[in-house]
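Read off the chains here:
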Amino acid sequence: MPISRLLQPVPLVGGLVFLGLALVPVIAGLLGEPYYLSLVGRFLVYAIAASALNLILGYGGLVSLGHALFMGLGVYGVAIASHYGLDSGLLHLALGLAACALIGLLTGAVSLRTTGIGFIMITLAFSQMGYYLFVSLRAYGGDDGMPIVYTSRFGGLDLGNPASLYWVAFVLLVALTCWSARLRTSPFGMVLRGAARNAQRVEALGLPVFRYRLVGYVLSAMICGVAGLLLANLSAYASPSTLVWNVSGELIVMVVLGGMGTVFGPVLGAVLFLSLEELLKAYTDHWMAGLGLAITLMALLGHGGLVGLLSRLRPRPAAPVPVQMEGGQP
Amino acid sequence: MTNLVIAQLLNGLQYGVLLFLLAAGLTLVFGIMNFINLAHGALYMVGAYLAATVYNHTGHFLLALLAAVAGCVVLGAALERLTIARLYRRDHLDHVLATFGMVLLFNEVARMIWGSQPYFTSVPESLSGTVDILGISYPAYRFAIILIGLAVAVASYWLIHRTRLGMLIRAGSVNPAMVSALGVNIGLLNALLFALGAGLAGLAGAVVGPIVSVQSGMGDSVLITTLVVIVIGGIGSVRGAFYAALIVGVADTLGRIFLPLLLREVLSRQVADAAGPALASMFVYLLMAVVLAFRPQGLFPAKVG
Amino acid sequence: MSAGLRTEGLVKRYGALTVTDQVSLDIRPGELHAIIGPNGAGKTTLVNQLSGELRADAGRIYFGELEVTTSPVHARARGGLLRTYQITSVFDAFSVRENVVLAALGVREHAFRFWRPMLSRRRLVEQADAAMDLVGLLPRAEAPAADLAYGERRQLELAMALAAEPRVLLLDEPMAGMSAAESAAITRLLASLKGRYTILLIEHDMQAVFALADRISVLVYGQLMLTGTPEEIRNNPEVRSTYLGEEEF
């Protein structure tokens, strides 16, 4: 990639944000404030979840208001195993991924039969169903949730250790962001993006849109499940409140705020949104009112999120002169 | 046993008519304005708080109901003109975001005004007794709710099938562009529809106040159940909303009581006690999934062909 | 390698209105068959049933040897039954090349590839470039489709259909809204494609129709009034009266 392309506002800011995120553990260590590690660690976890959502929302144009379900499945994959004294990280991961794949497949197959308003409502309904399921499972904490004693261990690595979790999350986020970039121009990504605006045309090109969307939905669900696993280790607690629709809504806000369907959007959006939340919390007890107002204003204003804003800072190239149509030469 | 079934059937009916009050306005907003309004539950909450506050301060129940409905109509109209109207041309995504923000705002404002604890209000004296129906003694207040709900259903049928406004509504739910092209003041129609829906939501909240916990966020879960009703009934169809609301109301109520009992017959007590409540709370969502699997357009869709 | 397209008693109703009324078409492999008729005759509805976007209420459709009456759109496309749209339908968010490469990919391969760019698939890009060259759009390959002029968008539509190596090409008013020069260019292009593919051409531009068509069918109020050579159609008194009375040009 030519250097000039990397110095555009968007990749530049994106790169700086990643650099900043990499420096947080160092700064936290120097200041002797391990709290920051957990705080920003949470940003990373949600950035991963937002990136997962970006695959189908940003690229595919599918407004899923139920992704909290998959985070929740990831969290409870760890929690339930921990409940039985099992601390194998691979087991936690396998449980979470399997649950998300299966539930993603089932709910996706039903939800993707509708579009527009129907799809939004049905994804919301399914995640609410998940919420009620976990609330009613008294054995696993029910409404109050339960602590996670046995955090995920991968050999010598214990994700219950804040620093370990932070680095694992960071590496995953970097990898995910790279893959999102590649996915965007890959055949799969092009199909999703084409179908977002013109699904009928994609079908007419010989591509069954439903199948591609379902695969995208399941992948998105599984990655969100990984975010859930990380969240479980970060908070050492599992609660049905991970599955409430507010969480799904906030994930959407992060994706849109950062810039839908862009590579750096989810990360920028998650960091910005959660930072804003922390700022408001420090300022007033009624921070949720401010947040709600900000979200509504953001929706009214539009304009492609943070990435959209940044890309407008770049000097515009001159408009190309239209070439005369030649037609088929005899 | 039969007494239990009858009482629960009536409870289901009562829950059903409440869902209808909420679903009727919402499904029209979806179908005609193609606008997804997640703040509908917040209007339900506002209605509950307004009615409870007025009743607690004046002791006049009818006044409280009126205040709640009027308040919600005004609030609905204001919201529509100030924010919602700007969003009609936008993506559904923008609708979701804007109304999601409103829900957070409303929930927090409610907390600021009335605190986080449930706000208590009591059933009015005149309705605190019981009535004898179908051989059992049933709480008079709940019975009154059923009557109110059915009255609204009849009134909405009359409105939609016997008035000019209703004709516009029916036309609009099948072909919104055409109605606009016919020169109807679409802005006024939209504001009217939205305010009407808000009023119904407020009424639902107002009547439900004495028998549920009035607190911030009470509209959230009810909204989602309302969405399930609309999906099952068919988007844009008030008739569908009515039947689906009753189906969901009865299924949910009976399911919560009888599914755990049923499970105990077939499974070991331990498993049944764990799975019973879980299954009962998921029941209506599973119902929705089944309906969608076979009829994605709902059971009584508004659009034909 | 072109194929034939045949329908038997195709019927489509919208409520009380019969839009396609017992239409039995027989399009021979390799021929350029035009369908003409007054506005509202149901031409686009017919094309939609042939491509699969609309399900007929009765009748059958045969694509080559296969019956495709209930086949979904993507299956017919993969088999080589491709179309262009009356109202241009391209991917504005993509470049011209990306549009055409996607079209080339759709019929030949699957898109379950998650890493390497679509444009790195050399064979597809070559085929796309060939198609763009054929319609004269190659100089604009890098341009975003959203930036194209109207005539260029029509060219893009055609390039997308050609890149997919069709066996039957359904062209729904490809010259709509074009200037005389642009129409002439498209006519020359279609003439050069004759024989290579089977082409079903829906058009109002009579000059192009009579210059290109091997046979012409006339559709009036959803019914197939008559099929014949351009000479037969031109001299038929019924056609002159129904169509002359509703002449577009």
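Residues numbered from 1 in each chain as written. Chains lettered and ligands numbered in written order. Predicted model: local features only at pLDDT ≥ 70, side-chain atom pairs only at ≥ 80, totals over all residues. Heavy atoms only, no water.

Caption draft 1: Structural detail: the interface of chain A and chain C. Of the residues lining the interface, 31 residues belong to chain A; the matching set on chain C comes to 40 residues. For the pair chain A and chain C, the two sides together bury roughly 3,300 Å², of which 67% comes from carbon and sulfur. The tally of links between chain A and chain C comes to 1 salt bridge. With its nearest N and O atoms 3.0 Å apart, the salt bridge here joins A:Arg201 to C:Glu157. Between the two partners, chain A and chain C, sit 11 residue pairs in polar contact (both at pLDDT 80 or more). Looking at the side of chain A that touches chain C, the elements that each hand over two or more residues are helix H7 (162-185), helix H8 (187-204) and helix H9 (209-235) of chain A. Top contributing element to the side of chain A that touches chain C by residue count: H8(A), with 12 residues. Residues that form the side of chain A that touches chain C fall into these classes: 17 nonpolar, 8 polar and 6 charged. (Contact = heavy atoms within 4.5 Å. Buried area = accessible area lost by both parts, 1.4 Å probe. Salt bridge = Lys/Arg side-chain N within 4 Å of Asp/Glu carboxyl O. Polar contact = N/O pair within 3.5 Å; in protein donor to acceptor, adjacent residues only side chain to side chain. Helix = DSSP H or I, 4+ residues; strand = E, 2+ residues; numbered from the N terminus. Nonpolar A, V, L, I, M, F, W, Y, C, P; charged D, E, K, R; others polar.)

Caption draft 2: Fine view of unusual backbone geometry. Residues and elements named next belong to chain C. Phi is positive for Glu-165, close to 50°, though the residue is something other than glycine. Within the fold, Glu-165 resides in the loop between helix H5 (150-163) and strand S8 (168-172). Even without being a glycine, Tyr-221 presents a positive backbone phi close to 50°. Secondary-structure assignment places Tyr-221 in the loop between strand S10 (215-220) and strand S11 (223-228).

Caption draft 3: Spatial organisation of the arrangement of the chains. There are 2 pairs of chains in contact here; the most contacts are made by chains A and B. Spatially, chain B is disjoint from chain C: no contact exists, and the shortest C-alpha separation is 8 Å.

Caption draft 4: Examining the confidence of the model for chain B more closely. All names here are of chain B. Of all residues in chain B, 98% have pLDDT values of 70 or greater, and the mean over the chain is 88. Averaged pLDDT values over the elements of chain B bottom out at 75 in helix H7 (residues 176-181) and peak at 95 in helix H2 (residues 40-58). Across the interface, the model reports ipTM at 0.89; the global pTM reads 0.90. (pLDDT = per-residue confidence, 0-100.)

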